[in-house]
Amino acid sequence: MSPRPAAPAVVVDRVACTGHGVCAGILEGAVTLDEWGYPIVHAGVEPDPSHVATAVTLCPARALLARRSS
Ligand code: SF4
């Protein structure tokens, strides 16, 4: 059996997200923006937990959620 892929550090509520791009600026490498400015979350890139908390707090649409570690 192959190992499970790493879960992303954050999850985006795509209905609520308005494409401000704040998350990509804070979570550089873990989140990039698509051609319309909406976030793409990259699994396997573990950002600093304090940066995750900052990005969640500063998301103007409250669309960014921190993944709970299991
Ligand atoms: S900061 Fe929030 S609203 Fe802006 S792109 Fe990221 S998730 Fe979407």
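Residues numbered from 1 in each chain as written. Predicted model: local features only at pLDDT ≥ 70, side-chain atom pairs only at ≥ 80, totals over all residues. Heavy atoms only, no water.

A complete count under the given rule lists one salt bridge for this structure. For the salt bridge of R67 with E46, the shortest nitrogen-to-oxygen distance reads 3.1 Å. Of this pair, R67 sits in the segment after β4 (64–66) while E46 sits in the loop between β3 (39–41) and α2 (49–58); the two residues are 21 residues apart in sequence, bridging distant segments of the chain. (Salt bridge = Lys/Arg side-chain N within 4 Å of Asp/Glu carboxyl O. Helix = DSSP H or I, 4+ residues; strand = E, 2+ residues; numbered from the N terminus.)

Here V41 lies in strand β3. Given the relative accessible area of 23%, V41 is considered partly exposed. With residues near it in sequence (within four places) discarded, V41 still touches P8, V10, V12, A30 and V31. (Buried < 20%, exposed > 50% of the residue type's maximum accessible area, 1.4 Å probe, protein only. Contact = heavy atoms within 4.5 Å.)

In the vicinity of the ligand, the contacting residues are C17, T18, G19, H20, G21, V22, C23, P39, C59, P60 and A61. Its residues placed into classes, the shell around the ligand shows seven nonpolar, four polar and no charged. (Near = heavy atom within 4 Å. Nonpolar A, V, L, I, M, F, W, Y, C, P; charged D, E, K, R; others polar.)

The next subject is the nonpolar core. V10, L27, V31, V52 and L64 are the most contacted members of the largest nonpolar core, which totals 14 residues. Not counting residues within four places of it along the chain, the set of residues in contact with V31 comprises V10, C23, A24, P39, I40, V41 and H42. (Core = buried A, V, L, I, M, F, W, Y, C linked by side-chain atoms within 4.5 Å.)

Here the phi dihedral of R62 falls at roughly 55°; this positive angle occurs in a residue that is not glycine. One can find R62 in the loop between α2 and β4.

Topologically, W36 is positioned in the loop between β2 (31–33) and β3. Accessibility expressed as a relative area gives 63% for W36, which makes it exposed. A C-alpha to C-alpha distance of 7.7 Å links W36 and G19, two positions 17 residues apart in sequence.

With respect to the element layout, P47 can be found in the loop between β3 and α2. Between the C-alpha atom of P47 and that of E28, which follows or precedes it by 19 residues, the distance is 8.0 Å. Residues contacting P47, with those up to four places away along its chain left out, are A9, L27, A30 and V52.

That's the geometry; what it means functionally is another story.
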